[in-house]
Structure formats: structure tokens, C-alpha cells
Amino acid sequence: MRHAKSDWGDESLADHDRPLNKRGRRDAPRMAGWLQSVGRVPTLVLCSTSKRTRETLDLMLEVWGAAPDVIHCENLYLATADEIFAEIRTFGTTEASIMTLAHNPGTAYAASMLADQSIEMPTAAVAIFDISVDSWSSLHDDAQRQMAFLMRPKALPES
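Parameters at a glance
Residues numbered from 1 in each chain as written. Predicted model: local features only at pLDDT ≥ 70, side-chain atom pairs only at ≥ 80, totals over all residues. Heavy atoms only, no water. Core = buried A, V, L, I, M, F, W, Y, C linked by side-chain atoms within 4.5 Å. Buried < 20%, exposed > 50% of the residue type's maximum accessible area, 1.4 Å probe, protein only. Helix = DSSP H or I, 4+ residues; strand = E, 2+ residues; numbered from the N terminus. Phe/Tyr/Trp six-rings, centres within 6.5 Å; stacked < 30°, edge-to-face > 60°. Lys NZ or Arg CZ within 6 Å of the ring centre and 35° of its normal. Expected span 1.5 Å × (residues − 1). Contact = heavy atoms within 4.5 Å. Polar contact = N/O pair within 3.5 Å; in protein donor to acceptor, adjacent residues only side chain to side chain. Salt bridge = Lys/Arg side-chain N within 4 Å of Asp/Glu carboxyl O.

Undergrad: Whenever I open this one, the nonpolar core confuses me. Can you help?
TA: The nonpolar side chains of a soluble globular protein tend to be buried, and buried together. In terms of nonpolar packing, the biggest core is built from 24 residues, with Leu 76, Phe 85, Ile 88, Met 121, Phe 129, Ile 131 and Leu 139 touching the most fellow members. Secondary-structure elements contributing two or more residues to this core are strand S1 (44-48), helix H3 (81-91), helix H4 (106-115) and strand S4 (126-132). With five residues, H4 is the single largest residue contributor to this core. Counting 20 residues, the second largest nonpolar core, distinct from the first, contains Trp 34, Met 60, Met 99 and Leu 101.

Undergrad: Can you walk me through the packing of aromatic side chains in this structure?
TA: The tally for this structure, following the rule as stated, stands at one aromatic pair. An angle of 85 degrees between the planes, with centres 5.4 Å apart, marks the rings of Trp 34 and Phe 149 as edge-to-face. Of this pair, Trp 34 sits in helix H1 (residues 22-37) while Phe 149 sits in strand S5 (residues 144-151), and the two are 115 residues apart along the sequence. Since its relative accessible area comes to 10%, Trp 34 is described here as buried. Of the residues examined, Phe 149 reaches a relative accessible area of 28% and is grouped as partly exposed. Over the aromatic face of Trp 8 sits the side chain of Arg 18, whose NZ or CZ is 3.6 Å from the ring centroid.

Undergrad: Sorry if this is basic, but what is going on with H1 here?
TA: An α-helical turn contains 3.6 residues, so any two residues separated by three or four positions project in the same direction. With 16 residues, H1 ought to run about 22 Å at 1.5 Å a step, and its terminal C-alpha atoms sit 23 Å apart, in line with that. Looking only at H1, the buried set comprises Gly 24, Asp 27, Ala 28, Arg 30, Met 31, Ala 32, Trp 34 and Leu 35. Close packing links the buried residues of H1 with helix H2 (51-63), strand S3 (98-101), S4 and S5. N-capping of H1 is provided by Asn 21, with a side-chain oxygen placed 3.0 Å from the backbone N of Arg 23. Directly after H1, the chain includes Gly 39, whose backbone phi takes a positive value near 70 degrees.

Undergrad: Could you clarify how one ought to interpret the side chain of Arg 18 in this entry?
TA: Among the structural elements, Arg 18 can be located in the segment before H1. The buried category is assigned to Arg 18, whose relative accessible area is 6%. For Arg 18, the side chain forms a polar contact with the side chain of Asp 15, separated by 2.6 Å. For Arg 18, the contacting residues outside a window of four places in its chain are Ser 6, Asp 7, Trp 8, Leu 13, Lys 51 and Arg 52.

Undergrad: Looking at this model, I keep getting lost on the pattern of salt bridges. Mind explaining?
TA: Here the idea is simple: oppositely charged side chains can pair when their charged atoms come close. Taken as a whole and assessed by the stated rule, the structure comprises seven salt bridges. Arg 23 is the partner of Asp 27 in a salt bridge, and the nearest nitrogen-oxygen pair spans 3.8 Å. Note that Asp 27 and Arg 23 are positioned in helix H1 at a spacing of four residues, about one turn of the helix. Classification of Asp 27 as buried rests on a relative accessible area of 2%. With a shortest N-O distance of 2.9 Å, Arg 40 and Asp 130 are connected by a salt bridge. With Arg 40 in the loop between H1 and S1 and Asp 130 in strand S4, the pair connects residues that are 90 residues apart, well separated along the chain. Since its relative accessible area comes to 38%, Asp 130 is described here as partly exposed. Each of Arg 23, Arg 26, Asp 27 and Arg 30 takes part in salt bridges that share partners, so that together they form one network.

In C-alpha cells, the structure reads:
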């Protein structure tokens, strides 16, 4: 998942410290609700340490009844696709499902690599893949995988 829409209003803030804007605060819980409705709430979330990713996650956790385990990963801040996969292999162990919550362009590249096609990841977009591995530490390019869902907030019905 890519973080929800961030606020660019305060130019004095470092990129890492930018919060969500109004649309981001609206979209994060909507995406959490969608994930719950399709039965895809993760058991582990690997979250970038940026303010906008942490705020996205906090808003999502408010929607989910049973909270997943969460690990805040400094290496996911502006990570490349390879760095995202490395974090999954490092922290994933045998979790049933993992969500990475990070940034573009790494998130879009990671989704594109898994899908074997170009995938756009606008803010708060979620790409879900079914991947056959015994342990996430064995996640490699030849793992059997299939994209199950690609959802973005604009595709959700207004509530």
C-alpha cells in the first residue's frame, strides 16, 4: 500500500515529517474498510517511519477490530522495490499476510514487479497479491504469485 495523500502546505517541514491532508485522512479509513470487506486485513504491517505513513496506519487501525502486528521500518522510507522485498524477507517470517505501507516510486515498482506489468499506485492505493512461499524469507522472483486486487480510493463508492 502507498500512504494516503499528504499535506504540502507547510514548506518548513522536512519530507519525512509531512502529515496527511484532509483527503488522506478521509481515504485511509475507507481503504481499511475495503480491506476488511474483502477479508484481506493483514496479520503484519511493515510501515515506513514517515509521519504520513504512520498516520495512514493509525487511521486504518481504528477501523480494524483485531489489530495486526506492526513494525515501523526506517528502511521503508523512500525505499526501492528491492529494499521493500528485503524488509519483507527480514521481518515476515511465517506471517499469513503482510502489508507494506510505504512510498512511491518504490511501491509502484514493487507492485509492477510482482504483477509482471506496469502498475500505478496513487496515494492510498492497495495492490494485493497471493504469493506461494513457505516463509517470507524465501520470497524471490520465481515465487508463484497472482494479483488478487488493485484498489484505489477513487474507485470506492462514496459512503
